Amino acid sequence: MAETIAEQIKLLKRGTVEIFTEDELAKKLADAAKTGKQLRIKLGLDPTSPDIHLGHTVVLRKMRQFQNLGHKAVLIIGDYTARIGDPTGQNTTRPMLSPEQIEENAKTYLAQAGKILDTSKDKLEVKHNSEWLEKMSLMELIQLAAKKTVAQMLQRDSFKLRLQNDIDVYTHEFIYPLMQGYDSVVVKSDVELGGTDQTFNNLVGRDIQRAYGQQPQIVITVPILVGLDGKEKMSKSKGNYIGVTDEPNDMFGKIMSISDDRMENYFTLLTALPAEKITELVNSEKTHPKEAKVLLAKTIITQLYNEKTADAAAAEFDKVFAQGQLPDDMPEVEMSAEPIMASKLLVTCKLVPSGSEAKRMIKQGAVEIDKKKIDDPNVLVTPVDGMIIQVGKRKFAKIKVLK
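Only a predicted model underlies this, so the values are computations on that prediction, with no experimental measurement involved.

Draft legend 1. Representation of the overall build of the protein within the structure. Of the regular secondary structure elements, the protein holds 19 helices and 13 strands. Dimensions along the principal axes, computed over C-alpha positions, put the protein at roughly 75 × 50 × 40 Å. Counting every position in the protein, which comprises 403 residues, the buried fraction comes to 46%. Considering only residue pairs separated by 6 or more positions, the protein has 71% of its internal contacts joining residues 24 or more positions apart. Counting only carbon and sulfur atoms, one obtains 51% of the accessible surface of the protein, whose full area is about 20,100 Å². A gap of 1 Å separates the mean positions of the 56 positive and 56 negative side-chain charges of the protein.

Right, dumping it as structure tokens:
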């Protein structure tokens, strides 16, 4: 590690909210530099859904920085804790998932995380917390629960809010942060990373490690990335996300749709561009917002795919949106020539997830058939070869009539 400790701290502080504590982190980094020891950098991901999106990559990128400094990432797939459900940020109890659902969701996690992390054996260790939590006896669980008081657990903001609003807090929800903390004990975590919504859980991990005679982990929190709606956190359930495996052309279009006032946040959290360059890019007097967004989109797609793919996505976006031409890679949908309601046609072409969404898009004037807008969801459309269906600015389909 050629960087000085001060340089490492400066790098690791970028895009963070809090470090508990910076002095402890500096000491651990200095000790590691003297002894050649790799610090163990923990991140837990509960596979409650099958997709990793750009919001997740904020913390994954921080983990990659530690890897680049010579340390080992310890990625914990929370296949056991996901069965309980993290109550973080919830005003209701999360539903418990079945082991089958969790296993299915977890299948692609490593491949997706590998778009950001160094997956070589000396830089990454992957664990499933069912390895130890499933074997925990009732007595061991009681001993773990004895490490924290009820008063301490009720300091969690979401629990406070629910109690104030006369909403139940269930006993099993206290167990989740204890188990997450126990994960830190098992893997001997030196640093735990997480979004600001994980601050309480990760700090519990420090306490649990102390209780088991270990040095407490450093906790580093990063901001929650706001989604495409510009209001709420990026989330698949809210439909405002960009998945790390999204098709590049679709990813490019989504990034171009973010509001100008969110660009600094995205540049800071999702790229390695210097702060002074970002300041220049988000200043509309120095850089046109469209030019800045094109650079943002190309940078992110290059990180997740490669530069050639990013350039191709930029060219396709310019062709479709700036020049008003049709995309090269429209999906072709085979169907009969029988008349079909416009709303049903959109669903058949998989341009919308449901009939109600199709009706909404048509009534908003967001649907064109062969360049002509339609405003009646019930109008009958007779499919013909080569007919082009467009929903919004980014979704297209071409009809192929079955003979």
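Once you've had a look at it, read on.
Draft legend 2. Representation of the sheet that holds strand E3 (residues 72-77). Strand order in the open sheet formed by six strands is E1-E6-E5-E2-E3-E4, and the pairing between neighbours is mixed. Each edge of the open sheet is held by one strand with a lone partner, namely strand E1 (18-20) and strand E4 (124-128). Averaged over all adjacent pairs, the angle separating strand axes in this sheet is 20°, with direction ignored. Bridge count for E3 against E4 is five bridges, and the pairing is parallel. Opposite Val-74, over in E4, you have Glu-125 as the bridge partner. In the packing of helix H11 (residues 171-187) onto the sheet, the strands contacted are strand E2 (40-45), E3, E4 and strand E5 (191-195), and the crossing angle to E2 comes to about 145°. Relative to the sheet, helix H12 (residues 199-211) contacts E1, E5 and strand E6 (218-222), its axis offset from that of E6 by approximately 170°.

Draft legend 3. Examining the pattern of salt bridges more closely. Under the defined criterion, the tally for this structure stands at 18 salt bridges. For Lys-42, the salt bridge identified is with Glu-192, shortest N-O distance 3.2 Å. Of this pair, Lys-42 sits in strand E2 while Glu-192 is found in strand E5, placing the two residues 150 residues apart along the sequence. Residue Lys-42 shares its accessibility class with Glu-192, and that shared class is buried. For Asp-207, the salt bridge is made with Lys-148, and the minimal N-O distance between the two is 2.7 Å. Residue Asp-207 is found in helix H12, and its partner Lys-148 is found in the loop between helix H8 (138-145) and helix H9 (150-153); the two are separated by 59 residues along the sequence. Given the relative accessible area of 14%, Lys-148 is considered buried. Residues joined in a network through salt bridges with shared partners are Lys-28, Lys-37 and Asp-190.

Draft legend 4. Examining the packing of aromatic side chains more closely. Taken as a whole and assessed by the stated rule, the structure comprises three aromatic pairs. Ring plane angle 65° and centroid distance 5.3 Å describe the contact between Phe-159 and Phe-174, whose orientation is recorded as edge-to-face. Pair noted here: Phe-159 is in helix H10 (residues 157-164) and Phe-174 is in helix H11, with a separation of 15 residues, a long-range link. Of the residues examined, Phe-159 reaches a relative accessible area of 0% and is grouped as buried. Aromatic side chains Phe-252 and Phe-317 sit 5.3 Å apart centroid to centroid with 45° between the ring planes, which places their arrangement in the tilted category. Placement of the pair is Phe-252 in helix H13 (residues 248-256) and Phe-317 in helix H17 (residues 307-322), with a sequence separation of 65 residues. With relative accessibility at 1%, the residue Phe-252 sits in the buried group. Exposure remark for Phe-317: the relative accessible area of 15% places this residue in the buried category. Its guanidinium or amino end placed over the ring of Tyr-305, Lys-115 lies 4.1 Å from that ring's centre, counting from NZ or CZ. Here the basic side chain of Arg-156 rests over the ring of Phe-159, its NZ or CZ set 5.5 Å away from the ring centre.

Conventions used here
- Residues numbered from 1 in each chain as written.
- Predicted model: local features only at pLDDT ≥ 70, side-chain atom pairs only at ≥ 80, totals over all residues.
- Heavy atoms only, no water.
- Helix = DSSP H or I, 4+ residues; strand = E, 2+ residues; numbered from the N terminus.
- Buried < 20%, exposed > 50% of the residue type's maximum accessible area, 1.4 Å probe, protein only.
- Contact = heavy atoms within 4.5 Å.
- Areas by Shrake-Rupley, 256 points an atom, 1.4 Å probe, with all protein chains shown as cover.
- Lys, Arg positive; Asp, Glu negative; His and termini not counted.
- Charge placed at Lys NZ, Arg CZ, Asp CG, Glu CD.
- Pairing = 2+ DSSP bridges.
- Axes fitted to C-alpha atoms, helices over the stretch in contact; angles between N-to-C directions.
- Salt bridge = Lys/Arg side-chain N within 4 Å of Asp/Glu carboxyl O.
- Phe/Tyr/Trp six-rings, centres within 6.5 Å; stacked < 30°, edge-to-face > 60°.
- Lys NZ or Arg CZ within 6 Å of the ring centre and 35° of its normal.

In short, the description is geometric, and any link to function would need to be established separately.
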